[in-house]
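# Descriptive analysis of the structure
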Amino acid sequence: MKTYSILLILMMTVSLPVQASSWATWPTVGESTLKWGWWKIYTAQLKTPTGKYSANDTEDLALIIRYLRDIDKQDLLDATDDQWQHLGFTSQQRQQWLSQLAQQWPSVKQGDRLVFVINAIEGRFYQHGKPLGKPLSKVLSNAFISIWLSTNTEYPKLRLQLIGQ
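Residues numbered from 1 in each chain as written. Predicted model: local features only at pLDDT ≥ 70, side-chain atom pairs only at ≥ 80, totals over all residues. Heavy atoms only, no water.

This part covers the pattern of salt bridges. Between side chains of opposite charge, pairing is possible as soon as their charged atoms come close. Here the structure, examined in full by the defined rule, presents one salt bridge. Between aspartate 81 and arginine 94 there is a salt bridge whose closest N-O contact spans 2.6 Å. Remark: arginine 94 occurs in helix α3 (residues 91–102) and aspartate 81 occurs in helix α2 (residues 73–87); sequence separation between them is 13 residues. Exposure remark for aspartate 81: the relative accessible area of 15% places this residue in the buried category. The exposure class of arginine 94 is buried, given its relative accessible area of 9%. (Salt bridge = Lys/Arg side-chain N within 4 Å of Asp/Glu carboxyl O. Helix = DSSP H or I, 4+ residues; strand = E, 2+ residues; numbered from the N terminus. Buried < 20%, exposed > 50% of the residue type's maximum accessible area, 1.4 Å probe, protein only.)

Right under this line is the structure:
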């Protein structure tokens with residue numbers, strides 16, 4: 001029984017990184033660049049296991065954001081709050097979620113890439129192939145991804161490009 005338990009733990013440990021990195025092999029659904037005036041802020045790429053996007057919230061997906069300029073962590077948090085406010089989330093929800101993100105997010109430099117991978121039960125941020133903090137709840141994960149994929153997003157052209165339309 002002890003050998004079986006050790007083998008099971010070893011198998012789980014080995015399989016977790018494979019699952020976390022499998023998004024890298026998924027086909028790209030779409031790509032876009034966020035511009036503000038004449039400044040390019042970031043490029044975004046959406047990937048799914050099938051290479052197609054469905055609004056089904058149980059679908060696995062990865063959002064890869066490559067920053068084209070340095071952005072302070074607080075500015076990232078403020079921009080996220082602005083987007084959530086635009087989408088109609090309550091102040092209480094936003095503050096709770098921002099507190100969680102503040103514990104995970106770094107400031108980013110030009111060329112840095114953050115990856116957000118979401119599945120049926122949680123979401124997680126990665127940088128340099130390593131997880132940032134703990135997995136996020138499905139509710140917070142859906143709220144975060146809605147910044148790009150909601151039909152009410154502030155950037156509908158970016159959304160359409162990301163979902164391959």
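A few words now on a nonpolar patch on the surface. A contiguous nonpolar surface patch, about 480 Å² in accessible area, is contributed by Trp36, Trp38 and Trp39. Mapped onto the elements, tryptophan 38 comes out in the loop between β1 (28–36) and β2 (39–47). (Patch = residues over 30% accessible without salt bridge, like charges linked within 9 Å, V, L, I, M, F, W, Y side chains within 5 Å. Areas by Shrake-Rupley, 256 points an atom, 1.4 Å probe, with all protein chains shown as cover.)

Within the largest apolar cluster, 36 residues are counted, with the highest numbers of intra-cluster contacts made by Tyr42, Tyr67, Trp84, Phe125, Phe144 and Trp148. In terms of residue count, the dominant contributor to this core is helix α4 (residues 138–149) (seven residues). Each residue touching tyrosine 42, except ones within four places of it in the same chain, is listed here: Ser32, Thr33, Leu34, Ile65, Arg66, Tyr67, Leu68 and Trp148. If you look at the next biggest cluster of nonpolar residues, it comprises seven residues, including Trp23, Trp26, Ala62 and Tyr126. (Core = buried A, V, L, I, M, F, W, Y, C linked by side-chain atoms within 4.5 Å. Contact = heavy atoms within 4.5 Å.)

The next subject is the sheet that holds strand β6 (residues 130–137). Pairing is antiparallel across the open sheet formed by six strands, whose spatial order is β1-β2-β3-β4-β5-β6. Edge positions in the sheet fall to β1 and β6, since each has one partner strand and no second. Pairs of neighbouring strands in the sheet enclose a mean axial angle of 15°, with direction left out of account. Across six bridges, the pairing between strand β3 (residues 61–67) and strand β4 (residues 113–118) is antiparallel. Each residue of the ladder has a partner; that of isoleucine 64, found in β4, is valine 115. (Pairing = 2+ DSSP bridges. Axes fitted to C-alpha atoms, helices over the stretch in contact; angles between N-to-C directions.)

On their own, these measurements won't tell you what the molecule is for.
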